[in-house]
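Residue-level structure breakdown
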Amino acid sequence: MGIRFILMVNKQGQTRLAQYYEWLTVEERRALEGEIVRKCLARNEQQCSFVEHRNYKIVYRRYASLFFLVGVDNDENELAILEFIHLLVETMDRHFGNVCELDIMFHLEKAHFMLEEMVMNGSIVETSKANILSPIQLMEKAT
C-alpha cells in the first residue's frame, strides 16, 4: 500500500492532524501516536529523519513549529516520502501563506481536503500544486 498514516504534530507533541489509510481502533491510534511522537521529538536535528517503529518506517520533517510524520511500509522509498512532505508543506504555504499550526487548527477541513487530493488509499496520486488547490479555490468562490 505505501503510506499508512500522516500526522501533523506541534513541538509539545499535540496531534493537530491525523489521517490513517489502514484501520486501527481509537486506542491503537492513540498509543501509536504517543509512541511515535515521543520517539521523533526526542531526536536532535543532527540525526536522520527516518525511524523504524513496530512494522512501520516513520519519515518525518520539522517545519517551523510543526512536525510532519508519515508512516510507511518498510520497503517504501524514504527520500520520495521526504519529497512528498515538502510538496505538502509547499502546497499549504501557497494556500495559507506560510502555513503554521493555527492555520491547521482553524482550517482543518481544508488541510484534510488537500491530503485527500494528494493521497488516495495510501498511494500518492497527485503532485501538481495547482491541481490540488483548484477544488479548494472553487469551493471558496462558491461561498
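Just so we're clear, the structure is a prediction, and the values are computed from it rather than from any experiment.

1. Notes on the UniProt feature "domain: AP complex mu/sigma subunit" (unreviewed entry) in the protein chain
- Sequence positions flagged by UniProt for "domain: AP complex mu/sigma subunit" (unreviewed entry) are, in local numbering, residues 3–142.
- Within residues 3–142, the helical portion is 47% and the strand portion 26%, while the C-alpha atoms at the span's ends are 32 Å from each other.

2. Looking at the packing of aromatic side chains
- Enumeration according to the criterion identifies three aromatic pairs in this entry.
- Taking the centre distance of 5.2 Å and the plane angle of 80 degrees together, the rings of Phe 5 and Tyr 56 count as edge-to-face. Of this pair, Phe 5 sits in strand β1 (residues 3–10) while Tyr 56 sits in strand β4 (residues 56–63); the two residues are 51 residues apart in sequence, bridging distant segments of the chain. For the pair shown, Phe 5 and Tyr 56 are each scored as buried.

3. Considering a nonpolar patch on the surface
- Among the surface-exposed residues, Leu 102, Met 105 and Phe 106 lie close enough to one another that they form a single nonpolar patch of about 320 Å² accessible area.
- By the element assignment, Phe 106 lies in helix α3 (residues 101–106).

4. A few points about the nonpolar core
- Grouped together as the largest cluster of nonpolar side chains are 30 residues, with contacts concentrated most on Ile 3, Phe 84 and Met 92.
- Mapped by element, the contributors of at least two residues to this core are β1, β4, β5 (66–72), α2 (78–96), α4 (108–118) and α5 (129–142).
- When residues in this core are grouped by element, the largest group, nine residues, is from α2.
- Ignoring sequence-local partners within four residues, the contact set of Met 92 consists of Met 8, Gly 97, Val 99, Ile 104, Ala 111 and Met 114.
- Of all hydrophobic cores here, the second largest spans 15 residues; its members include Phe 5, Val 9, Leu 24 and Ile 36.

5. Side note on the packing of α2 against α5
- Between α2 and α5, whose axes approach to 10 Å, the crossing angle comes to 35 degrees. The chirality of how α2 crosses α5 is right-handed. The segment α2 lies against α5, with Leu 87, Glu 90, Thr 91, Arg 94 and His 95 engaging Lys 129, Ala 130, Ile 132, Leu 133, Ile 136 and Glu 140.
- Looking at the contact of α2 with α5 residue by residue, the classes come out as five nonpolar, two polar and four charged.

6. A few points about the pattern of salt bridges
- A complete count under the given rule lists eight salt bridges for this structure.
- Residue Arg 54 pairs with Glu 35 through a salt bridge whose shortest N-O separation is 2.8 Å. Within this pair, whereas Arg 54 is found in the loop between β3 (50–53) and β4, its partner Glu 35 is found in helix α1 (residues 26–41), the two being separated by 19 residues in sequence.
- Taking relative accessible area as the criterion, Glu 35 reaches 27% and is therefore assigned partly exposed.
- One salt bridge connects Glu 45 with Arg 62, and the closest N-O pair in it is separated by 3.9 Å. In this pair, Glu 45 is assigned in the loop between α1 and β3 and Arg 62 in strand β4, connecting sequence segments 17 residues apart.

Definitions and cut-offs
Sequence order as written defines the numbering, with residues in each chain counted from 1. Restriction of local features to residues with pLDDT of at least 70 applies here, the model being predicted, together with a cutoff of 80 or more for giving and counting side-chain atom pairs; totals for whole chains, interfaces and linings are based on all residues. The side-chain values count all of the structure's non-hydrogen atoms but skip hydrogen atoms and water molecules. UniProt positions are given in the numbering used here, feature names are shortened, and annotations may be inferred rather than shown by experiment. Helical segments are the DSSP runs of H or I of at least four residues, strand segments are the runs of E of at least two, and each set is numbered from the N terminus. Think of it this way: a Phe, Tyr or Trp ring, Trp meaning its six-membered ring, pairs with another when their centres are within 6.5 Å, and the plane angle makes it stacked under 30 degrees, edge-to-face over 60, tilted otherwise. Only protein chains enter the accessibility calculation, which uses a 1.4 Å probe. A residue is then buried if its area is under 20% of the maximum for its type, exposed if over 50%, and partly exposed in between. Patch construction takes residues with relative accessible area above 30% that form no salt bridge. Like charges are linked within 9 Å, and nonpolar side chains (Val, Leu, Ile, Met, Phe, Trp, Tyr) are linked within 5 Å. Per-residue and other accessible areas were derived by the Shrake-Rupley procedure at a 1.4 Å probe size, with only the shown protein chains allowed to occlude residues. Whenever Lys or Arg places a side-chain nitrogen within 4 Å of a carboxyl oxygen from Asp or Glu, that contact is recorded as a salt bridge. Residues belong to one nonpolar core when they are buried, are Ala, Val, Leu, Ile, Met, Phe, Trp, Tyr or Cys, and are joined through side-chain atoms within 4.5 Å. Two residues qualify as a contact provided that any one of their heavy atoms is within 4.5 Å of a heavy atom in the partner residue. Each axis is a line fitted through C-alpha atoms, taken for helices only over the stretch in contact, and angles between the N-to-C directions span 0 to 180 degrees. What makes a crossing left-handed is the near helix being turned counterclockwise from the far one by less than a right angle; a clockwise turn instead makes it right-handed. Under this grouping Gly is polar, as are all residues other than the nonpolar Ala, Val, Leu, Ile, Met, Phe, Trp, Tyr, Cys and Pro and the charged Asp, Glu, Lys and Arg.

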